[in-house]
Amino acid sequence: MHPRLHAVLAEPRVSPAPSRTWRDWAVIVVLGPAIVVEGIVRPDLPWRVGCVVVVLALLPTLLWRRTAPLAMVVIAFGCTTVAPFVLPGDPCQLFTASFLVVLVHALFRWGSGRDAVIGSFFVVAKVTTAGLVGSVDGGELVAGFAVMFAAATLGVAIRFRAAARLRELDQVKLLERERLARDLHDTVAHHVSAMAIRAQAGIAASATQPGAAVEALHTIEAEASRALAEMRAMVRVLRRDEPADLAPNPQVADIGRLAGQFRTGPAVDVELCGDLGDLPPTVGSALYRLAQESVTNARRHARHATRIEVSVAADDTSVRLRVSDDGEVGAARPAGPPGFGLVGMKERADLLGGTCEAGPDPDRGWTVTAVLPREGVGA
């Protein structure tokens, strides 16, 4: 088998395919009466009752075009291919029967490579049969092939554009996991160093102060539990063979440096509230990274913004980060799918058991809110 043909046949189906929505039912509700009305007002149909009945019977294929694209194409184009030999007229002579083009688009958008090849034979057979039985002339036959080819091309283009978008999102998530792995590596090293120091102190004090040795063992146990939890988180992420970043991990206290980091653009105000002194290094580092990315996005996208407010508040169970700007309404962020920076922020928060959300404010500006559990991966 030719390698290119083998690659086409091996192309898997897009999964998971979207389920039916209210829009699909709305199309059915609109097209149903339209088919009946066309059958009544069109005087040139050879047998209008049969044509209307066949097209109405094929209308529900739109509901399963994503989950079973090949089956729907076989049913629809198989019936319309056989119908001219059974009925006095061709059902596809109805203008409203043009919804069959949507099935061709769905076949190439959601079906596998094998489905697309098999379904193409039924589509070509239908258009060819219409030309042989005289339902269409030569010009209409060429136009029919052109329309079907355009629908298939559009389906392939949207399919691979969506696949490219998913690959880019996966790449962003992988990079964020690598950064988190480096942070966790440094954090685990901190815990192990603390255990070694406490063990040495316990050994030195055990001869004269047995209670100090017991206290050292409790501290070692707590540090070991945190290190184990963070090691389990670290093995869930992938780290490429890159040079290690020897700079110390930034923590919550370093967020205050964002206020004086920029000489131009909107002013950055930082407010830290609550008990932030004993946060695990992973949580502190994540809060700094989230704040830094949020401030960078606000400075880059918030038009005519004069102020960026950063606040961090902690309670007994969680830490809440809020970054907001006063940019123009509707201009704080570009339209379209969420940016890759926001994807990485959500991934980092999710890996630590928290959440990260972003969106426009009712009046003006944009706000990013992240909530992380106080114990981070050890929660």
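Residues numbered from 1 in each chain as written. Predicted model: local features only at pLDDT ≥ 70, side-chain atom pairs only at ≥ 80, totals over all residues. Heavy atoms only, no water.

As annotated in an unreviewed UniProt entry, the chain carries the name histidine kinase and is attributed to Micromonospora arida. We quote the UniProt Catalytic activity (unreviewed entry) comment for the chain here in full: "ATP + protein L-histidine = ADP + protein N-phospho-L-histidine." (UniProt positions renumbered as here; feature names shortened; annotations may be inferred.)

Any two side chains of opposite charge can pair, on the condition that their charged atoms come close. The tally for this structure, following the rule as stated, stands at 7 salt bridges. Here Asp-269 makes a salt bridge to Arg-307, at a shortest N to O gap of 2.2 Å. Placement of Asp-269 in strand S1 (residues 267–273) and of Arg-307 in strand S2 (residues 307–314) is noted, with a sequence separation of 38 residues between them. As a salt-bridge pair, Arg-374 and Asp-278 come within 2.8 Å of each other at their nearest N and O atoms. Of this pair, Arg-374 sits in the segment after strand S5 (366–373) while Asp-278 sits in the loop between S1 and helix H9 (281–301), and the two are 96 residues apart along the sequence. You can call Arg-374 buried: its relative accessible area is 9%. (Salt bridge = Lys/Arg side-chain N within 4 Å of Asp/Glu carboxyl O. Helix = DSSP H or I, 4+ residues; strand = E, 2+ residues; numbered from the N terminus. Buried < 20%, exposed > 50% of the residue type's maximum accessible area, 1.4 Å probe, protein only.)

This next bit is on the pairing of strand S3 (residues 318–325). With 6 of its 8 residues buried, S3 lies for the most part within the structure. Summarising the sheet, S2 and S3 pair through 7 bridges and their orientation is antiparallel. Each bridged residue has a counterpart across the sheet, and for Val-312 the counterpart in S3 is Leu-321. If you look at the hairpin formed by S2 and S3, you'll find 3 residues sitting between the two strands. Examined bridge by bridge, S3 and S5 share 7 bridges and lie antiparallel to one another. In the sheet register, Arg-320 faces S5, and the bridge partner there is Val-371. (Pairing = 2+ DSSP bridges.)

This part takes up the packing of helix H4 (residues 69–86) against helix H6 (residues 113–132). Running from N to C, H4 and H6 point in directions that differ by 20 degrees, and their axes come no closer than 9 Å. When the interaxial angle is binned, H4 and H6 end up roughly parallel. Helix-helix and strand crossings are classified by hand; for H4 and H6 the assignment is left-handed. Taking contact as the criterion, the partners of Leu-70, Val-73, Val-74, Phe-77, Gly-78, Thr-80, Thr-81 and Phe-85 in H4 are, on H6, Asp-115, Ile-118, Gly-119, Phe-122, Val-123, Ala-125, Lys-126 and Thr-129. The class makeup of the residues in the contact of H4 with H6 is 9 nonpolar, 5 polar and 2 charged. (Axes fitted to C-alpha atoms, helices over the stretch in contact; angles between N-to-C directions. Parallel < 35°, antiparallel > 145°, perpendicular 65-115°, else oblique. Left-handed = near helix turned anticlockwise from the far one by under 90°. Contact = heavy atoms within 4.5 Å. Nonpolar A, V, L, I, M, F, W, Y, C, P; charged D, E, K, R; others polar.)

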